[in-house]
Amino acid sequence: MKKRTKMLAGIMAAVLAAGSLAGCGGGKSEKSDGGGSAGGNKVFNYSVNSVVVGLNPIMDATGPDNEAHNLICDPLIRNVTSDGNTTEIIPAAAESWEASEDGLTYTFHLHENAKWSDGEPLTAKDFEYTLKLMADPDTAAVNAWLFDGVIENFGEALYSKDGKTAEDIAVKATDDTTLEIKITHPASYFPELISSVFPVRQDKYEEWGESYGSSADKIICSGPFKVDSWSQNTELVVVKNENYWDAENVKLDKIVQKVIQEPATAIQAFINQEIDVVATSDPNWGEQIEGAGISHTETVPDDAPEFLMFNLKNEYLSNTKIRQALSAAFDRQEFVDTLRDGQALPIYSVMPDTMLVGEKTYTELVGGKNYFVKELQDENKDPKALLEEGLKELGKPADASQVTLRYASRGTNELSKKMAEWYKQIWEANLGINVEIDMMEWNVMWEKIDAGDYDIAVGGWGPYYNEPSAVLMLFDPENGYFNSAKTGWDNEDSKKFKELCDSAANIVDDQEKADIYLEAESLLVKNAIIAPEYLEQSPTFVANKVKNYYVSTNGYINWVAVDVEE
């Protein structure tokens, strides 16, 4: 992606959840209103550990931002959490949809009574406007790159190729309630991907300009809730949208999203029944919560891989063997046990084991051959010797003590400090190199990544759909979010990687597609462009009075269904 804004792209829940409290913490009943239903007014509070940056779905796309969009905006369809760690696609603004026989044309039929919060009709033309706005390179929409190579002419318009403009993308409102989208290749994940598009309305977007979504009075809502008040560093309050097409089935009257950055504070609030959902990886806190007897527990693995990023513009890190040594030199299980209290899963592939290719998991289709970190560690029992080989290839003395690398932390909280010190200790002990720690806030770290001003940094990504390309295409050297300008990965391997990923898009056979993804991942992970670390797997404690709040690896909370009872 050619990013032209300092806002973060993608759903950065994993990036933001640097503390032990999950950034997408669940619902909570406001104790001041009697904890749930008081006088017929059902109030539900939940916390995040990072602020909502903005309410403009085109430009604001951090984890908390997307949480807010899910409350106040209605996509065409929704991918929501269900019982038993499952998800389902359900109607949203579109009451029905179908794909053509060749899988290349999707037609969405909107509810005739779909409306914006001010009572104006929500139409197919609003979605056409939104997608064309995203495809306009002057807009600099943060997630536009997701549709490059998916919607016909989208990438050509976004990157100003072949004389195409946003008006040329294959998205058309054939009437007020019918939207037609043509895609470049059959993609089983397209419904999940299009569910990430939250509409904006042209008249308001043009009236408010850059102020759209910057305050409670500069946002027009289409979802089950509308903004009542917003104090960025404190809380976002939304209330039931009486003009929502399915308002009669919305159970809650108000939801309060509170910013609680300290895990201990959030957990105490949960125990005090001031909030109804909390997640923690600290077993001591978990015991206290369980002792209170007010909740049940849901534990599922996250879908957002955490990984280390190596900047190949650094002289040492330009060498594959030196990067491989850094990846092989640390024990993922020890990392999880030491720094995450065992409440996480070590990963040896950048793909979660739940990632699908068609009906089967990617890992199953490739027979577990995607565990490239394990392969790397098995082949290099002495990673220091591997590093010394890399130094020789660079024409330098095989003296690891002459190597100094900077580690950029993703935050300044206690966990970030512990992680930095752990890596410094491990690498200095196992490799003999010197590690300098640059402690910085997460937004500063991402600005440095944008500028290519780092050696080693902590990355993470919550994919928008459950298919390997959702992760692999992040590293497309030309148009990916982590492109060559940020990673320095600009060589024959990166070109081969792009060719593989591009070719996989046109493959129908699931096994053949998975095998191509495997070859691409080998270039990314075994050659240590990145080093996978772990997946979050913290228990989520849900108050017993909360109904229909499901925790799953993928999907958004279905806020229409969530309820609180006494």
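Just so we're clear, the structure is a prediction, and the values are computed from it rather than from any experiment. What you see as residue numbers is a count from 1 along each chain, following the sequence as written. The predicted nature of this model means local features are confined to residues of pLDDT at least 70 and side-chain atom pairs, given and counted, to a pLDDT of 80 or more, with totals for whole chains, interfaces and linings taken over all residues. Hydrogen atoms and water are omitted, and side-chain values are computed over all heavy atoms in the structure.

1. Quick look at the overall build of the chain
Secondary structure is summarised from DSSP: a helix means a run of H or I of at least four residues, a strand means a run of E of at least two, and numbering begins at the N terminus for each. Helix and strand counts for the chain stand at 19 helices and 24 strands. The cut-offs for exposure are 20% and 50% of the maximum accessible area for each residue type, with area from a 1.4 Å probe on protein chains only; residues under the lower value are buried, those over the upper are exposed, and the others partly exposed. Out of the 566 residues belonging to the chain, those deemed buried represent 61%. Note on definitions: a residue-residue contact is assigned when non-hydrogen atoms from the two residues lie within 4.5 Å. Restricting to contacts in the chain with at least 6 residues of sequence separation, those with at least 24 account for 69%. Shrake-Rupley sampling with a 1.4 Å probe provides the accessible areas, and residues are treated as covered by the protein chains on show and by no other component. For the chain, the computed accessible surface area is about 20800 Å², with 43% contributed by carbon and sulfur atoms. For this count, His and the chain ends are skipped, Lys and Arg are scored as positive, and Asp and Glu as negative. In this description, the location of a charge corresponds to atom NZ of lysine, CZ of arginine, CG of aspartate or CD of glutamate. Each charge class in the chain can be summarised by its mean position, and for the 49 positive and 95 negative side chains these summaries are 3 Å apart.

2. Points about the layout of surface pockets
Detection works on a 1 Å grid of protein atoms alone, calling trapped sets that fit a 1.4 Å probe cavities and calling open sets with protein on both sides within 12 Å along at least five of seven lines pockets, with lining residues defined by an atom within 4 Å of a point. Grid points are joined across faces, edges and corners, and a volume is the space filled by probe spheres set on the points. There is about 520 Å³ of room inside the second largest pocket. Residue assignment for the lining of the second largest pocket shows that the elements contributing at least two residues are helix H4 (154–158) and helix H18 (492–504). For the lining of the second largest pocket, the element with the highest residue contribution is H18, accounting for three residues.

3. Digging into the side chain of Asp-246
With respect to the helices and strands, the residue Asp-246 is situated in the loop between strand S10 (235–240) and strand S11 (254–259). When a carboxyl oxygen of Asp or Glu is within 4 Å of a side-chain nitrogen of Lys or Arg, the pair counts as a salt bridge. No salt bridge is formed by the buried Asp-246, whose closest oppositely charged neighbour, Lys-251, lies at an N-O distance of 7.4 Å.

4. Some thoughts on the pairing of strand S19 (residues 434–438)
By the bridge criterion, five bridges tie strand S18 (residues 404–408) to S19 in an arrangement that is parallel. If you follow Leu-405 over to S19, its bridge partner there is Val-435. Chirality of the crossover, the property in question, places the unit of S18, helix H14 (residues 414–431) and S19 among those that are right-handed. A pair of strands is labelled paired if DSSP reports no fewer than 2 bridges between them. A crossover gets the label right-handed when its path from the first strand over the helix to the second runs clockwise, viewed with the strands pointing away from the viewer.

5. Structural notes on the confidence of the model for the chain
Known as pLDDT, the predictor's per-residue confidence is scaled from 0 to 100. Chain-level pLDDT for the chain is 91 on average; 93% of the residues reach the 70-or-more range. Note on residues 1–39: pLDDT is under 50 here. Beyond four places in sequence and across chains, it has 168 contacts.

6. Brief notes about the sheet that holds strand S20 (residues 456–460)
The strands that make up a sheet pair up through hydrogen bonds in the backbone, lying either parallel or antiparallel. With mixed pairing, six strands are arranged side by side in an open sheet as S15-S21-S14-S20-S18-S19. The sheet terminates laterally at strand S15 (344–346) and S19, the two strands that pair on one side only. Each neighbouring strand pair of the sheet contributes to a mean axis angle of 30°, computed without reference to strand direction. With three bridges connecting them, S15 and strand S21 (residues 530–536) associate as antiparallel partners. Residue pairing in the sheet places Leu-345 in a bridge with Leu-535 of S21. Between the N-to-C directions of two axes lies an angle of 0 to 180 degrees, each axis being a line fitted to C-alpha atoms and, for a helix, fitted only over the stretch in contact.

7. Looking at the sheet that holds strand S13 (residues 295–298)
The sheet built from three strands is open, its strands ordered S12-S22-S13 with antiparallel pairing. Looking at which strands have only one partner, the edges of the open sheet turn out to be strand S12 (277–279) and S13. Mean inter-strand twist for the sheet, computed between neighbouring axes without regard to direction, equals 25°. Pairing geometry for S13 and strand S22 (residues 540–543), over four bridges, is antiparallel. Residue pairing in the sheet places Glu-298 in a bridge with Thr-540 of S22. The strands touched by helix H7 (residues 263–271) within the sheet are S12, S13 and S22, with S12 carrying the most contacts at an inclination of about 145°. Of the strands in this sheet, S12, S13 and S22 touch helix H8 (residues 283–292), which is tilted by about 20° from S22.

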